[in-house]
Amino acid sequence: MGFSLRSFNSHNAFLLNSFIVLIISSIFSVEHIYAAIVKAGSCDFYQGSWVFDESYPLYDTSRCPFIPEGVNCVANGRPNNDYLKYRWIPTGCDAPKFDVLDFVKRFKGKKIMFIGDSISNNQWVSFICMIYAANPNAKFSHFYSQEMSSVSSVNFTDPEYDVSILFNFKPYLVELEETPERVLKIDTISTGDVWKEVDVVIFNTWHWWFHTGRLQHWDKVQEGNKTYPDIDDRMTAFAKGLTTWSTWVDKNINPKKTQVFYQGISPSHMRGKEWGYPNTTCADHTTPFNGTTYAGAPEPGVAVLKEALSKMSTPVTFLDVTTMSQLRKDAHPSHYANKARTSRDCSHWCLAGVPDTWNRILYASIVPELGNISFGP
């Protein structure tokens with residue numbers, strides 16, 4: 001293992017070739033993961049296409065008080081709002097409707113926690129906006145924090161809306177000590193007790209593992225008694241972090257008390273040449289890909305993630321949202337991540353938007369009886 005920095009994108013072709021064997025060898029070992037994918041009969045919710053629907057979006061962005069500036073594309077002046085109007089239609093059926101009244105009835109007095117990086121935050125905000133939209137007069141309390149490992153919360157306090165939706169900012173899932181140096185402890189989880197106290201947990205980690213330069217958030221990597229300036233192969237680092245996380249979950253989570261989900265890898269659309277549009281980024285696109293097939297290469301991290309999940313003894317529902325999200329090159333904030341339009345964000349998602357569909361499927365995954373799900377826009 002060397003100690004030089006390497007960018008994931010500069011080794012993309014190598015990684016894809018390297019994981020061909022892994023993907024093939026994992027087909028049978030990850031079979032039980034596919035069994036956990038939410039289905040209605042023979043319909044896989046994760047395969048389908050985006051269609052224009054005038055009844056969308058699912059909520060009025062201007063009426064949701066929880067949306068931060070970075071993903072509030074309408075408020076930041078995005079002129080083309082067609083991205084708000086696309087509905088995900090799985091092949092052969094429809095995505096489940098998020099029935100808020102059903103949800104709060106089932107989860108009255110319970111806690112749901114999103115755990116991970118800013119993509120998890122993106123989904124968390126979408127989730128609470130969807131609940132709030134069903135009753136904009138609902139009483140709530142909230143607490144926000146941007147500190148590493150901190151927990152933010154929105155608690156709906158009306159008797160019929162007595163549910164807490166939390167976000168734990170834990171971008172690597174494993175520990176990152178920030179003083180006096182920033183040390184990524186790749187084999188350690190020491191602040192996970194809060195995860196045991198909730199009824200539903202949705203984990204996610206991905207993007208931060210491949211940050212380099214000024215965006216890199218560690219000065220050293222520690223594994224056991226050894227400390228490294230860095231790890232050459234960031235995919236190896238990602239796999240090690242997932243192993244630490246999965247081992248912790250198997251030892252500490254009681255599946256009779258807590259439902260465990262893993263949010264699939266959310267793609268970015270920074271380099272159009274990777275998906276057939278040279279010299280473009282997400283900022284140059286206002287419509288999704290047509291059809292059901294993404295024009296670019298698959299995300300290599302998906303194979304690594306499925307491999308880690310396949311070895312777990314704890315039941316984990318895998319929310320395999322990568323393909324449906326890859327099709328939405330139009331739905332990132334791009335230059336409209338702030339009012340000054342000085343940003344170029346092709347990683348996060350405008351709200352309302354793609355994470356709303358993730359949450360419709362999450363809802364269908366949380367409830368125990370799919371037969372009670374209503375379908376439609």
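Here, the structure is the one placed above.
Anyway, here's the lowdown on the structure attached to this text. (Residues numbered from 1 in each chain as written. Predicted model: local features only at pLDDT ≥ 70, side-chain atom pairs only at ≥ 80, totals over all residues. Heavy atoms only, no water.)

Notes on the pattern of salt bridges
As enumerated under the stated definition, the model contains 15 salt bridges in all. Where K110 meets D199, a salt bridge forms, and the shortest distance between an N and an O atom there is 3.9 Å. Of this pair, K110 sits in the loop between α3 (100-106) and β5 (111-116) while D199 sits in the loop between β10 (183-185) and β11 (200-203); the two residues are 89 residues apart in sequence, bridging distant segments of the chain. Between D330 and R328 there is a salt bridge, with its nearest N and O atoms 2.9 Å apart. Given a relative accessible area of 1%, D330 falls into the buried group. The buried category is assigned to R328, whose relative accessible area is 1%. (Salt bridge = Lys/Arg side-chain N within 4 Å of Asp/Glu carboxyl O. Helix = DSSP H or I, 4+ residues; strand = E, 2+ residues; numbered from the N terminus. Buried < 20%, exposed > 50% of the residue type's maximum accessible area, 1.4 Å probe, protein only.)

Remarks on helix α4 (residues 118-134)
Taking 1.5 Å per residue, 17 residues should reach 24 Å; α4 reaches 25 Å between its end C-alpha atoms and fits that length. Among the residues of α4, the N-terminal cap falls to D117, whose side-chain oxygen and the backbone nitrogen of I119 are separated by 2.9 Å. (Expected span 1.5 Å × (residues − 1). Polar contact = N/O pair within 3.5 Å; in protein donor to acceptor, adjacent residues only side chain to side chain.)

So, the packing of helix α5 (residues 234-252) against helix α6 (residues 300-310)
For the pair α5 and α6, the least separation of the axes is 10 Å and the interaxial angle reads 25°. As far as their axial angle goes, α6 and α5 are roughly parallel. Regarding α5 and α6, the two cross each other, and that crossing is right-handed. From α5, M235, F238, A239, L242 and W245 reach across to α6, where they touch P300, G301, V304, L305, A308 and L309. (Axes fitted to C-alpha atoms, helices over the stretch in contact; angles between N-to-C directions. Parallel < 35°, antiparallel > 145°, perpendicular 65-115°, else oblique. Left-handed = near helix turned anticlockwise from the far one by under 90°. Contact = heavy atoms within 4.5 Å.)

A short note on the packing of aromatic side chains
In this structure the tally under the stated criterion is 34 aromatic pairs. Pairing W124 with Y144 gives two aromatic rings, centres 6.1 Å apart and planes at 85°, and the pair type is edge-to-face. Residue W124 is located in helix α4, and its partner Y144 is located in the loop between β6 (140-143) and β7 (151-156); the two are separated by 20 residues in the primary sequence. Looking at W124, the relative accessible area reads 2%, which means it is buried. (Phe/Tyr/Trp six-rings, centres within 6.5 Å; stacked < 30°, edge-to-face > 60°.)

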